[in-house]
Amino acid sequence: MSDRTSPFARDTTLHGDCDRRDAAWYIDKGVEWLLFLGGISAILFIIGIFAFITHEGMGFITTRFDAGEFFTTQYWTPSDEYDPEYGILAMLAGTASVTGLAMLTAIPFSLGAAIYIGEFAGERAREALKILVELLAAIPSVVWGFIGLSVMNPLLIALFDIPVGLNIVNAGILLGLMATPIMTSIAEDALKAVPDRYREAAEAMGATRWQVIYKVVLPAARNGLLGAVLLGVGRAFGETMVVLMATGHAINIPDSPFDAVRALTATIAAELGETTAGSDHWGALFTIGILLFVITFLINLSADLIVRGIRGK
Amino acid sequence: MVTQAPKIQVDNLTIRHGERVALRDVSLAIRPNEVFAIIGPANAGKSSFLKALNRMDLFTDKMEVAGRILFNGRDIRTLRNLYALRRRIGVVFPLPVGLPLTIYENVALGPKLAGVRERAELDAIVERCLRLAALWDEVKDRLNDYGSLLSGGQQQRLTIARALSQSPEVLILDEFSIAIDPITTMRIEDVLEQLRSELTIILASTSIQQARRLADRTAFFLDGRCIEIGDTEPLFEGGARDARTRRYLEGRFG
């Protein structure tokens, strides 16, 4: 600092400072480590949870479990003292039918909302809608279940002249509405990722807005939209409270949308509390848990891969 | 003239971006306090070369650097504190990057990060660097405005002021005039003229006239190879040894 004639006069032959690790260098390394821990903690939790449910389910899987019975029979009588049966076919059908109807509800709503927000809405409408869609995502699932019991139930009875309104339609519509926000926001991200120059190039040819969307924007955003739908499937599939409250929770292979069903998730929620830890029943419920984990994992993984466009490798 | 130890010496530098080879076996030496220009068409490897000089490859995916780069005679891969090296090498990128900070903070950021705390000292650094970058008169009354509000040419001069804020020994400019108008370009070239006695300047340019105006020596890169290096004037006066250099300088391809 003393007698620098030029601001650039400095000792340019030494590298002392290039080898001296100052406080900033150590802080940088420390922070990197902390962030690394944060980053891998997700992996640790996933592995930990999977190890836990596998451990709890293993006792049942290695002794009583029979894949044929488990997946292809519909008799679930785990608390029968003499002849307990562990068939989840009815629950698989219940979960599948409710999830399917949920997607029928959610896809038009969410894609419509995403296209409107992304392509048609003005600045203010867009911001307002995005906030509202996010608010919809913040409604607790027990509140949806409550709506299922006290609003949808009487409404369905009155509309369709059925004795009870707790069924696939009830839970499916609610699940669809619940999955709509996440699907809307992922789908909107996908539309936003389509470069504006595509739209401009198509508009410059005289294409109408809908033609631009239908012919250019949607195909370009195809992977992202598919990913959005898959994430919605994962969301509906894993949801518990609504399906517990609104499906009727009856073990039954449905042959009409107005049949009551029972979902895999709801079974665990309803029964685990009354089960002796370590019993066959306990292990069977954890085996359902493993199944749910694996399916949800696969759905989310494929959604992720599709969103990233690593499809067809 | 006494031969000086090179400021930067590059031996057998090869750079890959994944499969693509950006630079093949380039060796050259840059002398202290010279203005060294690298010319050549797009994809000649100029930017990759500049990136390697302050080890920006560490942050660039799939960029692999083989060979040796000596800074003041020292292999930069063996430095224990890479960040200190970056403080000694200022970089100006092709597009002006006004950080989302005030004009003052844009220039004061580097010194602050390096530990300068005194307001008076920071004020002095900011004024000195903005004057060196020929921007002071235009912004002295609005130092607390955001840097991003400046015009493109002003932002590029702000970038230069920021690059100078840590009194670097080397200033690297990668196509600094690509996004600014000719008048601002001329102003920045004047700035570089004034800085040439203070530090070593390395610039890459697709404009051969810019290299001719500024550089003491010029290197011609083509397809990742350094075809020829020579004193700028003789090179441009038809003294190029390689036919490809001559053709490029005559504007017959590129």
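Residues numbered from 1 in each chain as written. Chains lettered and ligands numbered in written order. Predicted model: local features only at pLDDT ≥ 70, side-chain atom pairs only at ≥ 80, totals over all residues. Heavy atoms only, no water.

Student: I keep staring at the pairing of strand S7 (residues 170-174) of chain B and nothing clicks. Help me out?
Tutor: Regular strands show a simple pattern: their side chains alternate between the two faces of the sheet. Residues and elements named next belong to chain B. A large share of S7 lies buried, amounting to five of its five residues. Side chains Val170, Ile172 and Asp174 of S7 all project onto a buried face; the interleaved residues Leu171 and Leu173 project onto the opposite face, where all are buried too. With four bridges connecting them, strand S6 (residues 89-92) and S7 associate as parallel partners. From the neighbouring strand, Ile89 faces S7, where its bridge partner is Val170. Where S7 meets strand S8 (residues 200-205), five bridges bridge the pair, whose relative direction is parallel. Considered in S8, the bridge of Val170 is made with Thr200. The β-α-β motif built from S7, the intervening helix H7 (residues 182-195) and the parallel element S8 has right-handed crossover chirality. (Buried < 20%, exposed > 50% of the residue type's maximum accessible area, 1.4 Å probe, protein only. Helix = DSSP H or I, 4+ residues; strand = E, 2+ residues; numbered from the N terminus. Pairing = 2+ DSSP bridges. Right-handed = clockwise from strand over helix to strand, strands pointing away.)

Student: What's the story with the nonpolar core in this structure? I'm lost.
Tutor: Across soluble globular proteins, you tend to see nonpolar side chains buried next to one another. All names here are of chain B. Leu130, Leu164, Leu171, Leu173, Leu192, Leu195 and Ile201 are the most contacted members of the largest nonpolar core, which totals 49 residues. In terms of residue count, the dominant contributor to this core is helix H4 (residues 119-132) (six residues). Counting residues in each nonpolar core, the second largest holds 31 residues, with Leu28, Ile76, Val170 and Ala219 among its members. (Core = buried A, V, L, I, M, F, W, Y, C linked by side-chain atoms within 4.5 Å.)

Student: Is there a simple way to explain the domain arrangement of chain A in this structure?
Tutor: Bring the parts together and some accessible area is lost; that lost area is often taken as the interface size. All names here are of chain A. On domain assignment, one finds that chain A holds domain 1 (7-63) and domain 2 (76-311). The distance between the C-alpha centroids of domain 1 and domain 2 comes to 36 Å. Listed per partner, the contact involves eleven residues of domain 1 and eleven residues of domain 2. Area buried by domain 1 at its contact with domain 2 is led by Ile53, Glu56 and Phe60, which between them contribute 55% of it. Counting across the domain 1 and domain 2 interface gives zero salt bridges. (Domains from an automatic or database assignment. Contact = heavy atoms within 4.5 Å. Buried area = accessible area lost by both parts, 1.4 Å probe. Salt bridge = Lys/Arg side-chain N within 4 Å of Asp/Glu carboxyl O.)

Student: Which parts of the structure should I look at to understand the packing of helix H6 (residues 141-160) of chain A against helix H7 (residues 168-192) of chain A?
Tutor: Geometrically, a packed helix pair is captured by the angle between its two axes and the distance between the axes. Residue and element names in this part refer to chain A. Where H6 meets H7, the closest approach of the two axes is 10 Å, and the angle between their N-to-C directions is 140 degrees. By the angle between their axes, H6 is oblique relative to H7. Note that H6 runs across H7; the crossing there is right-handed. Packed against H6, whose contacting residues are Ser141, Trp144, Ile147, Gly148, Met152, Asn153 and Leu156, the element H7 presents Val169, Asn170, Ile173, Leu174, Leu177 and Met178 at the interface. For the contact of H6 with H7, a count of residues per class yields nine nonpolar, four polar and no charged. (Axes fitted to C-alpha atoms, helices over the stretch in contact; angles between N-to-C directions. Parallel < 35°, antiparallel > 145°, perpendicular 65-115°, else oblique. Left-handed = near helix turned anticlockwise from the far one by under 90°. Nonpolar A, V, L, I, M, F, W, Y, C, P; charged D, E, K, R; others polar.)

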